[in-house]
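Overview (structure and organization)
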Amino acid sequence: MELITVRRLFYKLQGGCQVSLIEADDHSLYILKLNGSEGPNLLFNEAYGAELLRHLRLPVATWAPLYLTHEFIDQHPEMWPQHRSEEHSLNSSHITISY
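Residues numbered from 1 in each chain as written. Predicted model: local features only at pLDDT ≥ 70, side-chain atom pairs only at ≥ 80, totals over all residues. Heavy atoms only, no water.

As for the pairing of strand β2 (residues 20–24)
In terms of residue burial, β2 counts as a mostly covered element, since five of its five residues are buried. Burial along β2 is two-sided: S20, I22 and A24 facing one way and L21 and E23 facing the other are all buried. Where strand β1 (residues 4–12) lies against β2, five bridges are found, and the strand directions are antiparallel. Each bridged residue has a counterpart across the sheet, and for R8 the counterpart in β2 is E23. Alignment of β2 against strand β3 (residues 29–34), held across four bridges, turns out to be antiparallel. Within β3, the residue paired with I22 across the bridge is Y30. Counting the residues that bridge the hairpin from β2 to β3 gives four residues, and of these H27 lies at a positive phi of roughly 65°. (Buried < 20%, exposed > 50% of the residue type's maximum accessible area, 1.4 Å probe, protein only. Helix = DSSP H or I, 4+ residues; strand = E, 2+ residues; numbered from the N terminus. Pairing = 2+ DSSP bridges.)

This is how it looks when you write it as structure tokens:
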């Protein structure tokens, strides 16, 4: 699987999953999901579910792991997951759905 690097943040969407619309170095747009407020298994569940549906030959959006550089994270503090009662931290695990 090729390494896809996040280059540009368009905006962070509101909601529990705290997803963001981003552009990667392959010039494609992605919906970026970070592990955070929805629990530690969110990304695994998303990827596993997508692969299960694909195996059953059902239509499903493709997913790909993305690489967030330290520079990108430093330039976009709004990307940090918003936890109500926990200290803010950015987990490097992430998943995307491409369109």
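Resuming the write-up.
Digging into a nonpolar patch on the surface
On the surface, a nonpolar cluster with roughly 670 Å² of combined accessible area is contributed by F44, Y48, L52, L53, L56, L58 and V60. Mapped onto the elements, L53 comes out in helix α1 (residues 42–55). Exposure remark for L53: the relative accessible area of 35% places this residue in the partly exposed category. (Patch = residues over 30% accessible without salt bridge, like charges linked within 9 Å, V, L, I, M, F, W, Y side chains within 5 Å. Areas by Shrake-Rupley, 256 points an atom, 1.4 Å probe, with all protein chains shown as cover. Salt bridge = Lys/Arg side-chain N within 4 Å of Asp/Glu carboxyl O.)

A short note on the side chain of S20
Among the secondary structure elements, S20 is positioned in strand β2. Not counting the four nearest positions on each side in its chain, S20 is found in contact with L9, Y11, K12, L13, Y30, I31, L32 and M79. (Contact = heavy atoms within 4.5 Å.)

A word on the packing of aromatic side chains
If you walk through the whole model with that rule in mind, you get one aromatic pair. With centroids separated by 5.6 Å and ring planes inclined at 15°, the aromatic side chains of F44 and Y48 adopt a geometry described as stacked. Taken together, the positions of F44 and Y48, both in helix α1 and four residues apart, correspond to about one turn of that helix. Residues F44 and Y48 agree in their burial class; the two are exposed. (Phe/Tyr/Trp six-rings, centres within 6.5 Å; stacked < 30°, edge-to-face > 60°.)

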